[in-house]
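In case you want the letters, here they are:
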Amino acid sequence: MWDNVYIMDHPLIQHKLTIIRDARTGPKEFRELVEEVSLLMAYEVTRNLPLEEVEIETPLCRTKSKVISGKKLGIVPILRAGLGMVNGMLKLIPAAKVGHIGLYRDPETLKPVEYYCKLPSDINERELVILDPMLATGGSACAGIEFLKDRGAGSIKLMCLIAAPEGIDKVRKHHPEVEIYTAAVDEYLNDHAYIVPGLGDAGDRLFGTK
Ligand code: PRP
Ligand code: URA
């Protein structure tokens, strides 16, 4: 239906996402599951990383074997809720550098407001993955992508848990080369631009702030 949009329909991801969505799931379990789903999604997001052959010695003989080559990875959570996805990624890719972009969505205008940014100095040499569980209007994701592009980033992917069609359309329109990885595409945005059925407010559910 959309180019460059990958929906992760693995049964483990779908099962865990159902528990994440459930309003009865408390912050501890919510955090654990967001981390687990992020780890499972990291497997797909990194599928096309280039490999090179190196020579090693096993206990039996010398042999050639493969390691990841080329650009290194950078992960960039959008604060706050993107933080919940960092550890899952780092478990699979411990050498990744982590940048942070602080954005919140103004409840009146729904426009993203920037309040923090700290990125690895070599982002132009890295494959970057933006982490944010919710792609709603797409305003925050587009602001994050523009942020990184303005600072020299070349390769950018976006990983979220739940996307609304409106958010996907916006990212596709403004940044068609950015691949979007999501565990689900939901139905619509409500009057407050919350994703329906969604999971509620991701930041509040992660950190127990409501
Ligand atoms: C949420 C979410 C995204 C944004 C998505 O963050 O984590 O960053 O909203 O909405 P959009 O696609 O319409 O921009 P929020 O602004 O609630 O901040 P928080 O993570 O600090 O709670
Ligand atoms: N931000 C959230 O945390 N949830 C939504 O449904 C939309 C934006």
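Here, the structure is the one placed above.
Fair warning: this is a prediction, and the values are worked out from it, not measured in the lab.

1. Brief notes about the overall build of the protein
Scanning the protein for helices and strands turns up 6 helices and 13 strands. Each of the three principal axes of the protein carries a C-alpha extent, and together these read 65 × 40 × 35 Å. The buried share of the protein, taken over its 210 residues, is 47%. Sequence separation of 24 or more characterises 64% of the internal contacts of the protein that already satisfy a separation of 6 or more. Accessible surface for the protein amounts to roughly 11,100 Å². Of this, 52% is attributable to carbon and sulfur atoms. Of the charged side chains in the protein, 26 are positive and 30 negative, and the gap between their average positions amounts to 3 Å.

2. Regarding the site of ligand 2
Around ligand 2, the surrounding shell consists of Arg105, Met134, Ala136, Ala193, Tyr194, Ile195, Gly200, Asp201 and Ala202. Here an oxygen atom of ligand 2 sits 2.8 Å away from a polar atom, N or O, in the main chain of Ile195. One of the backbone nitrogen or oxygen atoms of Ala202 is found 2.8 Å away from an oxygen atom of ligand 2. Of the residues belonging to the shell around ligand 2, the class tally is 6 nonpolar, 1 polar and 2 charged.

3. A closer look at the site of ligand 1
Neighbouring residues of ligand 1: 15 residues in total, closest Arg105, Asp132, Thr137, Gly138 and Ser140. At a separation of 2.9 Å, an oxygen atom of ligand 1 approaches a polar side-chain atom of Arg80. One nitrogen or oxygen atom from the side chain of Asp132 is found 2.4 Å from an oxygen atom belonging to ligand 1. Considering ligand 1 on its own, with 500 Å² of exposed area, one finds that the protein chains cover 90% of that surface. Of all the elements in the fold, those that place two or more residues in the shell around ligand 1 are strand 6 (100-105), strand 9 (134-135) and helix 4 (139-150). For the shell around ligand 1, a count of residues per class yields 6 nonpolar, 5 polar and 4 charged.

4. Remarks on unusual backbone geometry
Of note, the amide linkage connecting Leu79 to Arg80 takes the cis form, showing an omega dihedral of -5 degrees. Note that Arg80 resides in the loop between strand 4 (72-79) and helix 3 (86-92). Note that the residue after Val196, namely Pro197, is joined by a cis bond; omega there is 0 degrees. Inspection of the secondary structure puts Pro197 in the loop between strand 13 (195-196) and helix 6 (202-207). With a phi angle near 60 degrees, Asn4 is a residue other than glycine that sits in the positive phi range. Tracing the backbone through its elements, the reader meets Asn4 in the segment before strand 1 (5-7). Asn4 gets classed as partly exposed once you look at its relative accessible area, which sits at 23%. Phi is positive for Ala193, close to 60 degrees, though the residue is something other than glycine. Summarising the element assignment, Ala193 is placed in the loop between strand 12 (188-189) and strand 13.

5. Quick look at the side chain of Glu127
Within the secondary structure, Glu127 sits in strand 8 (residues 126-131). Under the relative-accessibility criterion, Glu127 is labelled buried at 16%. In this structure, Glu127 is in contact with Leu49, Lys71, Lys72, Leu73, Gly74, Ser155 and Lys157, ignoring residues within four places of it in sequence.

6. With respect to the pairing of strand 11 (residues 179-185)
Most of strand 11 is tucked away, with 6 of its 7 residues classed as buried. In this sheet, strand 11 lies alongside strand 1 in parallel orientation, the contact comprising 3 bridges. In the strand pairing of strand 11, Val5 is matched with Ile180. As for the winding sense of the linkage, the β-α-β connection from strand 10 (residues 155-163) through helix 5 (residues 165-174) to strand 11 is right-handed.

7. Describing the environment of Glu179
Along the chain, Glu179 falls in strand 11. Given the relative accessible area of 18%, Glu179 is considered buried. Through-space distance from the C-alpha of Glu179 to that of Arg80 is 22 Å; in sequence the pair is 99 residues apart. Once you skip the residues sitting within four places of it in the chain, Glu179 turns out to touch Asn4, Tyr6, Ile156, Lys157 and Leu158. Of the polar contacts made by the side chain of Glu179, one reaches the side chain of Tyr181; its length is 2.7 Å.

Reading the values: rules and limits
Residues numbered from 1 in each chain as written. Chains lettered and ligands numbered in written order. Predicted model: local features only at pLDDT ≥ 70, side-chain atom pairs only at ≥ 80, totals over all residues. Heavy atoms only, no water. Helix = DSSP H or I, 4+ residues; strand = E, 2+ residues; numbered from the N terminus. Buried < 20%, exposed > 50% of the residue type's maximum accessible area, 1.4 Å probe, protein only. Contact = heavy atoms within 4.5 Å. Areas by Shrake-Rupley, 256 points an atom, 1.4 Å probe, with all protein chains shown as cover. Lys, Arg positive; Asp, Glu negative; His and termini not counted. Charge placed at Lys NZ, Arg CZ, Asp CG, Glu CD. Near = heavy atom within 4 Å. Polar contact = N/O pair within 3.5 Å; in protein donor to acceptor, adjacent residues only side chain to side chain. Nonpolar A, V, L, I, M, F, W, Y, C, P; charged D, E, K, R; others polar. Pairing = 2+ DSSP bridges. Right-handed = clockwise from strand over helix to strand, strands pointing away.

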